[in-house]
Amino acid sequence: MPIESLALSGIIGTSQHKVKRIDSVVIRFDKTLGGKIIDSNNNETPIRSRRLVDNMNKAPDLNTDDEEIILGTGWDRLAQIEIIQDGPQPMTIKSITYK
């Protein structure tokens, strides 16, 4: 399900057909591993599942933190993102905020 940028809604009228941009997304995960974000221009941004300091000889720990992901989106009228899990790993999202 796409998530739309509605920050301007109600403040200066409707944001429909106005040019918008999502610079970054902060997602609060609960027991999640991997995934990716697809923006309205079909650019894919991976959600990391390992850190450089993780031991490669064992399975990565599940993420239960806030994760800020910088997106390379441009200005467009949709300003939507889609968060998907394309592998057989768990994904639980508690909240999403954006700038």
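Please refer to the structure placed before this passage.
A brief look at the structure comes next.

Quick notes on the rules
Residues numbered from 1 in each chain as written. Predicted model: local features only at pLDDT ≥ 70, side-chain atom pairs only at ≥ 80, totals over all residues. Heavy atoms only, no water. Salt bridge = Lys/Arg side-chain N within 4 Å of Asp/Glu carboxyl O. Helix = DSSP H or I, 4+ residues; strand = E, 2+ residues; numbered from the N terminus. Contact = heavy atoms within 4.5 Å. Polar contact = N/O pair within 3.5 Å; in protein donor to acceptor, adjacent residues only side chain to side chain.

### Notes on the pattern of salt bridges
Okay, step 1: Evaluation of the coordinates by the stated rule reveals seven salt bridges.
Okay, step 2: Residue R28 pairs with D66 through a salt bridge whose shortest N-O separation is 2.7 Å. Taken together, the residues span a long stretch of sequence, with R28 in strand β2 (residues 24-29) and D66 in strand β5 (residues 66-70) at a distance of 38 residues.
Okay, step 3: Through salt bridges that share partners, K36, E44 and D86 make up one connected network.

### Points about the environment of D76
Okay, step 1: Note on placement: D76 falls in the loop between β5 and β6 (80-84).
Okay, step 2: Separated by 36 residues in sequence, D76 and S40 place their C-alpha atoms 8.1 Å apart.
Okay, step 3: With sequence-adjacent residues up to four places away left out, D76 is seen in contact with K18, V19, K20, S40 and N41.
Okay, step 4: One polar contact links D76 to S40, side chain to side chain, over a distance of 2.4 Å.
Okay, step 5: A polar side-chain atom of D76 sits 2.9 Å from the main-chain amide nitrogen of A79.

Coordinates in, geometry out; function isn't part of it.
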